[in-house]
Amino acid sequence: DQQVKQNSPSLSVQEGRISILNCDYTNSMFDYFLWYKKYPAEGPTFLISISSIKDKNEDGRFTVFLNKSAKHLSLHIVPSQPGDSAVYFCAASGGGTSYGKLTFGQGTILTVHP
Amino acid sequence: DGGITQSPKYLFRKEGQNVTLSCEQNLNHDAMYWYRQDPGQGLRLIYYSQIVNDFQKGDIAEGYSVSREKKESFPLTVTSAQKNPTAFYLCASSYSGSRDEQFFGPGTRLTVL
């Protein structure tokens with residue numbers, strides 16, 4: 001059972017435009033969400049996170065939006081740059097005994113064309 | 001430099017052999033994790049440890065074993081019971097009980113021939 005889903009395997013965007021990566025989750029216990037960026041043959045690196053008490057968090061070119069009623073979050077990258085080309089994973093965690101344990105989506109390959 | 005090291009980067013083993021993947025961190029993190037990544041799939045949790053001498057099974061623990069004798073080290077053994085061991089293995093660490101992000105190592109690509 002895939003509790004975190006990224007339904008778009010890939011996304012292609014022109015440099016300077018906005019990139020929007022989407023993520024859906026099914027587990028209502030999830031209350032903390034993170035986005036990671038990954039280059040081939042490397043470990044993921046943290047980008048941005050959001051707690052369920054917020055609906056938006058911004059860090060430079062990166063903004064994450066959370067819609068709890070729809071169980072949906074999105075990552076906006078503005079403006080997109082060729083160096084942003086990578087695989088993006090969303091991840092979620094819940095409280096209680098699963099504290100700190102992350103559940104990842106399948107990833108979306110972002111390609112930013114010059 | 002603080003960080004997580006995994007060695008080796010590429011590992012080849014014959015079918016039926018056990019193999020141990022190394023993971024070391026000098027970030028003073030209490031919690032450590034092992035994930036597996038397969039093509040077109042996300043990271044799946046194998047085992048995690050919140051504190052020394054304690055660890056829990058993740059979502060796909062069958063065919064794997066771990067130990068946590070030192071805070072800095074969390075080796076993963078891929079046993080012959082793991083039916084499809086060829087994959088990219090990632091180790092991560094974080095402050096225990098923290099909502100902060102997990103820091104990942106560079107990964108080990110294991111190929112079983």
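Here the residue index of a chain counts from 1 through its sequence in written order. Chain A is the first chain written and ligand 1 is the first ligand written, with later ones labelled in order. Predicted model: local features are reported for residues with pLDDT of at least 70 only, side-chain atom pairs are reported and counted for 80 or more only, and whole-chain, interface and lining totals are derived from all residues. The side-chain quantities take in all heavy atoms of the structure and omit both hydrogens and water.

We call a pair of cysteine sulfur atoms a disulfide whenever their separation is within 2.5 Å. This structure, assessed with the given rule, holds 2 disulfides over all chains. Disulfide pairing is shown between Cys23 of chain A and Cys90 of chain A; the S-S distance is 1.9 Å. Taking the sign of the torsion about the S-S bond as the criterion, the disulfide between Cys23 of chain A and Cys90 of chain A, at about 65 degrees, is right-handed. Of the two residues, Cys23 of chain A sits in strand β3 (residues 19–25) while Cys90 of chain A sits in strand β9 (residues 86–94), which places them 67 residues apart along the sequence. For the pair Cys23 of chain A and Cys90 of chain A, a shared accessibility class is recorded, and that class is buried. Each disulfide pairs two cysteine sulfurs, and for Cys23 of chain B the partner residue is Cys91 of chain B, the sulfurs being separated by 1.9 Å. Taking the torsion about the sulfur-sulfur bond, which here is approximately -75 degrees, the covalent link between Cys23 of chain B and Cys91 of chain B counts as left-handed. Each helix is a run of DSSP H or I of at least 4 residues and each strand a run of E of at least 2, with the numbering of both proceeding from the N terminus. Summary of the burial criterion: residues with accessible area below 20% of their type's maximum are buried, those above 50% are exposed, and those between are partly exposed, where the area comes from a 1.4 Å probe applied to protein chains only.

Whether two residues are in contact is decided by their heavy atoms: any pair within 4.5 Å suffices. Contacts between chain A and chain B engage 21 residues on the former and 23 residues on the latter. Simply put, the buried area is the total loss of 1.4 Å probe accessible area from both parts when two parts are fitted together. Taken together, the two surfaces of chain A and chain B that pack against each other cover about 1,800 Å², and 54% of this comes from carbon and sulfur. We define a salt bridge as a contact between a side-chain nitrogen of Lys or Arg and a carboxyl oxygen of Asp or Glu at a distance within 4 Å. The interface formed by chain A and chain B includes 1 salt bridge. Two residues, Asp59 of chain B and Lys101 of chain A, come together in a salt bridge whose shortest N-O distance is 3.5 Å. What qualifies as a polar contact is a pair of N or O atoms within 3.5 Å, subject to a donor-acceptor requirement within protein and to the restriction that residues adjacent in sequence count only when both atoms come from side chains. The interface formed by chain A and chain B contains 4 residue pairs in polar contact (both at pLDDT 80 or more). Mapped by element, the contributors of at least two residues to the side of chain A that touches chain B are β4 (30–38) and β9 of chain A. Each residue receives one of three labels: charged for Asp, Glu, Lys and Arg, nonpolar for Ala, Val, Leu, Ile, Met, Phe, Trp, Tyr, Cys and Pro, and polar for the others, Gly being one of them. Partitioning the side of chain A that touches chain B into residue classes produces 10 nonpolar, 7 polar and 4 charged.

Here we take up the sheet that holds strand β8 (residues 76–78) of chain B. Residues and elements named next belong to chain B. An order of β1-β3-β8-β7 is seen for the 4 strands of this open sheet, with the pairing classed as antiparallel. A single partner strand is all that each edge strand has here, and the edge strands are β1 (4–7) and β7 (64–66). For this sheet, the mean angle separating the axes of adjacent strands, direction not counted, is 20 degrees. Examined bridge by bridge, strand β3 (residues 19–25) and β8 share 3 bridges and lie antiparallel to one another. Residue Leu21 lies in a different strand from β8, and its bridge partner there is Leu76. The pairing criterion is simple: DSSP has to find at least two bridges between the two strands. Throughout, an axis means a line fitted to C-alpha atoms (over the contacting stretch in the case of helices), and angles, computed between N-to-C directions, take values from 0 to 180 degrees.

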